[in-house]
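The residues making up each chain are set out below.
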Protein chains: 6
Amino acid sequence: METKKPADSQVIMTELVLPNDTNTFGNLMGGRLMYWMDICAALSAMKHCGSPVVTASVDNISFEAPIKLGNVVHIEAKISRAFNTSMEVHIRVWGEDVLHQYKYKSNRAYFTFVALDPHGKPRPVPSMTPESEEEQKLFDGALRRRQVRLILGGKMKPGDATELKALFNIQ
Amino acid sequence: METKKPADSQVIMTELVLPNDTNTFGNLMGGRLMYWMDICAALSAMKHCGSPVVTASVDNISFEAPIKLGNVVHIEAKISRAFNTSMEVHIRVWGEDVLHQYKYKSNRAYFTFVALDPHGKPRPVPSMTPESEEEQKLFDGALRRRQVRLILGGKMKPGDATELKALFNIQ
Amino acid sequence: METKKPADSQVIMTELVLPNDTNTFGNLMGGRLMYWMDICAALSAMKHCGSPVVTASVDNISFEAPIKLGNVVHIEAKISRAFNTSMEVHIRVWGEDVLHQYKYKSNRAYFTFVALDPHGKPRPVPSMTPESEEEQKLFDGALRRRQVRLILGGKMKPGDATELKALFNIQ
Amino acid sequence: METKKPADSQVIMTELVLPNDTNTFGNLMGGRLMYWMDICAALSAMKHCGSPVVTASVDNISFEAPIKLGNVVHIEAKISRAFNTSMEVHIRVWGEDVLHQYKYKSNRAYFTFVALDPHGKPRPVPSMTPESEEEQKLFDGALRRRQVRLILGGKMKPGDATELKALFNIQ
Amino acid sequence: METKKPADSQVIMTELVLPNDTNTFGNLMGGRLMYWMDICAALSAMKHCGSPVVTASVDNISFEAPIKLGNVVHIEAKISRAFNTSMEVHIRVWGEDVLHQYKYKSNRAYFTFVALDPHGKPRPVPSMTPESEEEQKLFDGALRRRQVRLILGGKMKPGDATELKALFNIQ
Amino acid sequence: METKKPADSQVIMTELVLPNDTNTFGNLMGGRLMYWMDICAALSAMKHCGSPVVTASVDNISFEAPIKLGNVVHIEAKISRAFNTSMEVHIRVWGEDVLHQYKYKSNRAYFTFVALDPHGKPRPVPSMTPESEEEQKLFDGALRRRQVRLILGGKMKPGDATELKALFNIQ
């Protein structure tokens, strides 16, 4: 099976924050943003593997700057690493006040999707080779995030988490 | 400031999966579920602190069983731990096929919210004291999840993550 | 066929009033609330009979206190009486200003649903036996509401409405 | 204050049944229809009184024929009677299969609205004089429906319900 | 195949402008209005031909007066001319401030639809004969608009556009 | 006032076709697409002029290939010409079947927006200078489309439409 580049799976979404998307502060509600991120990330994963996908897990969404009513939401998704039958997607979000030509970082997140065959069973996905330095960093971090996920989910023993142990400089 | 119990912040939501909520497999899309989880969790955090809140981070949503079109979604949110100005909310989700009287676990997640004063600045929240054994376990885990969040976000050095080090049996 | 308790069919919904749900006074529009009530009541009826159901009639929705933008809507539905192939569902609605920890009665209503077999024809439903005093009162009133419905719909002669005649003390 | 005719308050709505409006049988959900009926009826009441209005009660919605996915919903609302500060609106609904040029009665209902002054308090509305025979019948029935509403809501004693007593031939 | 009158295809829609339909000026967004116009016009075309239809082109929507939040949108669609397998629909839109009993012209447009057979291929539609003077004018203009469409779309040579040449008094 | 390039106003949107966006053939409804096109085009015009804008007119939307349920919609908008207080935006739309890695042209359109000052009055916009050959062609055509618009709207005499006369080789 061929290997692919992160750029092959890039998806860009642009949305406008409407009244019904906001909380009482007039800021975009977190849940509405996650709705868009999930669609953007799922499309990215589908571009990588050419199969339908389902969301398997969501980690580390951090909300930095709120996006205001009437502002624009820019979402960019790209595969950060492909595993056997799953893919981690890295998502970055910016807000933009178009009238003041002012664009600002809003948040980032990692979503994991599983590729499915026509019977709804997991199927292998193409491997992915990072190109830029930043892509390499995201690729390396993906293993660490996966171990955190497995340990916290009770599916891996801390002693087997080689990547995490390295983080703590444990031999 | 008074201390509160987890039960004080319990919120229960029930939703029906409609056609527009589903993917091509006829299952509830992850993003739509996160939209509901965010509202349910925010209401729970607001019940705890009596202030408006904003989503600060989302960790470890794991999607176990898909929820089908026409099935019912049950969401239950409860504070798992209160920090200075933030609260971790524990969310559990079940699907239910009402016609077959069959209810199944779908997923769980942790959302963190920050309480805001009228100027939009973080404000202190009441402390929270767990009661049941399960609540105590969630309360303890909250510190661990917080350290993972801070380390992966580059805001804490691994050496300072005492809770995580304990996990790896490091002195 | 077994008999069931009102508690078996209890369904609780929680919704947040968003901008698009409100009228020019910033209050929840009646139609939006009825949309949620219908889903909540239909789920309750389905829990009682284990079959798909369709709305047959709606009676006596009275709107007492308006629910404000940003407040929470609590809806509770429970079967009040089962007839041959239909069920009357009693629905109560509260608003809640979560920030001020203030919960208030908003309205109540009775919806009637018919259970359907796979060909879309009415099918028998389990009987229902009230337990508490309040449930007994709702159970008794259901017959009266049914006769009002039939008379006003031209399907029953006033002289045959024994329950209503009792209300007027007619022999 | 002037008197008005039913025709002055006529409002006609046309909607298309989309996938998200339907239940598992592919028929329009009752709650979605009530959402449209409430808007149509509120507009009719506003045309009559020239003030903002709020839904006060809903009575006797009977669902006769289901409306299918892709069919058209025709809603017609007209004031049936004006009281002091409230108006009863009569609503009729038809479905139409445009491809087969087939139009069918679906249901009818009575909604009651209260007119509000700028402080949100009830304000007097113009009187209404029926013209056609059918309008006269609806006008007469309005009093009867109002008494049923008041008795069932515990706001009127059966002995004072002169209109209803007439229905049962009681002196 | 029979011929039809414009009145046979008349469709009237009434919608209320809700918060999520508006831009930052509190006016109805153009795109939301086009969404309603398309449904109204498609229904009109379907009434004329009794077949499913698809939007083929949209021309000359001019937005004259904005419609405010809380106002009512009136849309009226009627066939202006039938061609072989396509129909031009003329749409007029008014806004109405119901409280001030003030109705104003908002915009007009021409949509063209193609009738489809069950295999999704274009099929012939009944001819249409205008009755009033205004309908005759719209009927005549339809040919001109069609030629503009074809020329600008590169599907007709200016020299063949007899209707347009007449407009410029060219022999 | 500075001059700008078409690239300065480029906006890219990506949307997923969900069940409620489709007609009975399972294809994206024209009106839903126009809703997205209007938002994408308005954002493009706002990027050009840095002011709020309103839709002034829509011309020549031609629907070529339908976009299927579950496919992706790609919308790209860019200013084609700036006039005194208005801007013509050129919009191109592609569909994409992500699973089959197949992307196809769906339609194109021209929307015109007017820039508004804080009192809602038209205000001057920066000029725009095309760069590529294709941009020059769109720039030239914009004048022709404007004259068609003005003539068909009765705001210009055919004899004054110098651009259109040139199209017919009239001196």
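Coordinates for the structure precede this section.
Below, the structure is looked at part by part. (Residues numbered from 1 in each chain as written. Chains lettered and ligands numbered in written order. Predicted model: local features only at pLDDT ≥ 70, side-chain atom pairs only at ≥ 80, totals over all residues. Heavy atoms only, no water.)

We now examine the overall build of chain A. Tallying secondary structure elements over chain A gives 3 helices and 7 strands in all. In chain A, the succession of α and β elements from N to C terminus is β-β-α-β-β-β-β-β-α-α. In terms of C-alpha radius of gyration, chain A reaches 17 Å, essentially the compact-globule figure of 16 Å for 171 residues. A principal-axis box enclosing the C-alpha atoms of chain A has dimensions of 50 × 40 × 30 Å. (Helix = DSSP H or I, 4+ residues; strand = E, 2+ residues; numbered from the N terminus. Rg over C-alpha atoms; globule rule 2.2 N^0.38 Å.)

With antiparallel pairing, 10 strands are arranged side by side in an open sheet as β2(C)-β4(C)-β5(C)-β6(C)-β3(C)-β3(D)-β6(D)-β5(D)-β4(D)-β2(D). Unpaired on one side and paired on the other, β2 (11–16) of chain C together with β2 (11–16) of chain D mark the two borders of the sheet. Taken over all neighbouring pairs, the strand axes of this sheet differ in orientation by 25° on average, direction set aside. (Pairing = 2+ DSSP bridges. Axes fitted to C-alpha atoms, helices over the stretch in contact; angles between N-to-C directions.)

This paragraph deals with the relation of the copies chain A and chain B. When chain A is brought onto chain B, the operation consists of a screw motion whose angular component is 180° and whose axial shift is 0.0 Å, with 0.0 Å RMSD remaining. Both copies are brought into coincidence by an operation consistent with a two-fold rotation axis. For chain A, the minimum C-alpha distance to the rotation axis belongs to Asp59(A) and amounts to 2.3 Å. (Least-squares fit on C-alpha atoms with pLDDT ≥ 70 in both.)

Another point: the sheet that holds strand β5 (residues 86–97) of chain A. Note on sheets: strands pair through backbone hydrogen bonds, and any given pair is parallel or antiparallel. Taking strand neighbours across the sheet as the criterion, the 10 strands line up as β2(A)-β4(A)-β5(A)-β6(A)-β3(A)-β3(B)-β6(B)-β5(B)-β4(B)-β2(B) in an open arrangement whose pairing is antiparallel. The open sheet terminates on both sides in strands that have one partner only, identified here as β2 (11–16) of chain A together with β2 (11–16) of chain B. Taken over all neighbouring pairs, the strand axes of this sheet differ in orientation by 25° on average, direction set aside. In this structure, β2(A) lies alongside strand β4 (residues 72–82) of chain A, joined through 6 bridges in antiparallel fashion. Paired with Ile12(A) across the strands is Glu76(A), a residue of β4(A). Along the sheet, helix α1 (residues 30–49) of chain A contacts β2, β3 (53–63), β4, β5 and β6 (102–115) of chain A together with β3 (53–63) and β6 (102–115) of chain B; its crossing angle with β4(A), the most-contacted strand, is approximately 45°. Along the sheet, helix α1 (residues 30–49) of chain B makes contact with β3 and β6 of chain A together with β2, β3, β4 (72–82), β5 (86–97) and β6 of chain B, crossing β4(B) at roughly 45°. (Contact = heavy atoms within 4.5 Å.)

Further remarks concern unusual backbone geometry. All names here are of chain A. Phi is positive for Gln101, which is not a glycine, with a value near 50°. Mapped onto the secondary structure, Gln101 falls in the loop between β5 and β6. When its relative accessible area of 44% is taken as the criterion, Gln101 is described as partly exposed. (Buried < 20%, exposed > 50% of the residue type's maximum accessible area, 1.4 Å probe, protein only.)

Moving on, we get to the interface of chain A and chain C. Listed per partner, the contact involves 5 residues of chain A and 4 residues of chain C. Linking chain A to chain C there are 0 salt bridges. Here chain A and chain C share 1 residue pair in polar contact (both at pLDDT 80 or more) between them. Across the side of chain A that touches chain C, the residue classes tally to 2 nonpolar, 3 polar and no charged. (Salt bridge = Lys/Arg side-chain N within 4 Å of Asp/Glu carboxyl O. Polar contact = N/O pair within 3.5 Å; in protein donor to acceptor, adjacent residues only side chain to side chain. Nonpolar A, V, L, I, M, F, W, Y, C, P; charged D, E, K, R; others polar.)

Bringing the relation of the copies chain A and chain C into the picture now. Here chain A sits on chain C after a turn of 120° about the axis and a move of 0.0 Å along it, with an RMSD of 0.0 Å. Seen this way, the second copy is the image of the first under a three-fold rotation axis. When each C-alpha of chain A is compared by its distance to the rotation axis, Asn20(A) comes out closest, at 3.3 Å.

Below, the discussion takes up helix α2 (residues 133–152) of chain D. Residues and elements named next belong to chain D. Helix length check: α2 (20 residues) gives 29 Å between terminal C-alpha atoms against 28 Å at 1.5 Å per residue, within 8%. Buried within α2 are the following residues: Glu135, Leu138, Phe139, Gly141, Ala142, Arg145, Gln147, Val148, Arg149 and Ile151. Directly beyond the C-terminal end of α2, a positive phi value near 75° is found at Gly154. (Expected span 1.5 Å × (residues − 1).)

Counting across every chain of the model gives 12 aromatic pairs over all chains. With centroids separated by 6.3 Å and ring planes inclined at 15°, the aromatic side chains of Phe111(F) and Phe113(F) adopt a geometry described as stacked. Across the pair, Phe113(F) and Phe111(F) agree in class, each one buried. The lysine or arginine in question, Arg145(E), covers the ring of Tyr110(E), its NZ or CZ lying 3.6 Å from the ring centre. The ring of Trp94(F) has Lys103(F) sitting right over it, with the charged end atom 5.4 Å from the ring centre. (Phe/Tyr/Trp six-rings, centres within 6.5 Å; stacked < 30°, edge-to-face > 60°. Lys NZ or Arg CZ within 6 Å of the ring centre and 35° of its normal.)

Here the focus is the pattern of salt bridges. It is possible for side chains of opposite charge to pair when their charged atoms get near one another. In total, this model carries 24 salt bridges over all chains according to the counting rule given. We note a salt bridge from Glu135(B) to Lys78(B), for which the minimum N-O separation is 3.4 Å. Within this pair, whereas Glu135(B) is found in helix α2 (residues 133–152), its partner Lys78(B) is found in strand β4, the two being separated by 57 residues in sequence. This pair shows no difference in class: Glu135(B) is buried, exactly as Lys78(B) is. For Arg145(E), the salt bridge goes to Glu88(E), with nearest N and O atoms at 2.8 Å. Linking Arg145(E) in helix α2 (residues 133–152) with Glu88(E) in strand β5 (residues 86–97), this pair joins segments that are 57 residues apart in sequence. The burial state of Arg145(E) is the same as that of Glu88(E); both residues are buried.

Let us now look at the interface of chain A and chain B. Residue-level contacts link 36 residues of chain A with 36 residues of chain B. Of the roughly 2,900 Å² buried at the junction of chain A and chain B (both faces included), carbon and sulfur atoms supply 73%. Where chain A meets chain B, there are 0 salt bridges. Going through the elements one at a time, α1, β3, α2 (133–152) and α3 (162–167) of chain A are the ones with two or more residues in the side of chain A that touches chain B. (Buried area = accessible area lost by both parts, 1.4 Å probe.)

With that out of the way, let us pick up the environment of Gly159(F). Topologically, Gly159(F) is positioned in the loop between α2 (133–152) and α3 (162–167). Spatially, the C-alpha atom of Gly159(F) lies 48 Å from that of Asp97(F), the residues being 62 residues apart in sequence.

A few words now on the packing of helix α1 (residues 30–49) of chain C against helix α1 (residues 30–49) of chain D. Orientation of α1(C) relative to α1(D), taken along the N-to-C sense of each, is 170°, at an axis distance of 8 Å. Between α1(C) and α1(D), the angle is such that the two are roughly antiparallel. On α1(D), the residues that touch Gly30(C), Gly31(C), Arg32(C), Met34(C), Tyr35(C) and Asp38(C) of α1(C) are Gly30(D), Gly31(D), Arg32(D), Met34(D), Tyr35(D) and Asp38(D). Grouping the constituent residues of the contact of α1(C) with α1(D) by class yields 4 nonpolar, 4 polar and 4 charged. (Parallel < 35°, antiparallel > 145°, perpendicular 65-115°, else oblique.)

The next point concerns the packing of α2(A) against α2(B). In a pair of packed helices, the angle between the axes and the distance between the axes together describe the arrangement. Across the interface, α2(A) lies against α2(B) with an axial gap of 12 Å and an inter-helix angle of 180°. The orientation of α2(A) relative to α2(B) falls into the category roughly antiparallel. Contacts from Arg145(A), Val148(A) and Leu152(A) of α2(A) reach α2(B) at Arg145(B), Val148(B) and Leu152(B). Counted by class, the contact of α2(A) with α2(B) contains 4 nonpolar, no polar and 2 charged residues.

What follows concerns the pairing of β3(B). The buried count for β3(B) comes to 8 of 11 residues, which makes it a mostly enclosed element. In terms of strand pairing, β3(A) meets β3(B) through 4 bridges, oriented antiparallel. Bridged to Ser57(A) within β3(B) is Ser62(B). Pairing between β3(B) and β6(B): 8 bridges, direction antiparallel. Directly across from Ser57(B), in β6(B), lies its bridge partner Thr112(B).

All names here are of chain B. Here Ala77 is to be found in strand β4. The exposure class assigned to Ala77 is buried, which follows from its relative accessible area of 0%. Spatially, the C-alpha atoms of Ala77 and Ala45 are 8.9 Å apart, while their sequence positions differ by 32 residues. Look past the residues within four positions of Ala77 in its chain and what remains in contact with it is Ser9, Gln10, Val11, Cys40, Ala41, Ser44, Val89, His90 and Ile91.

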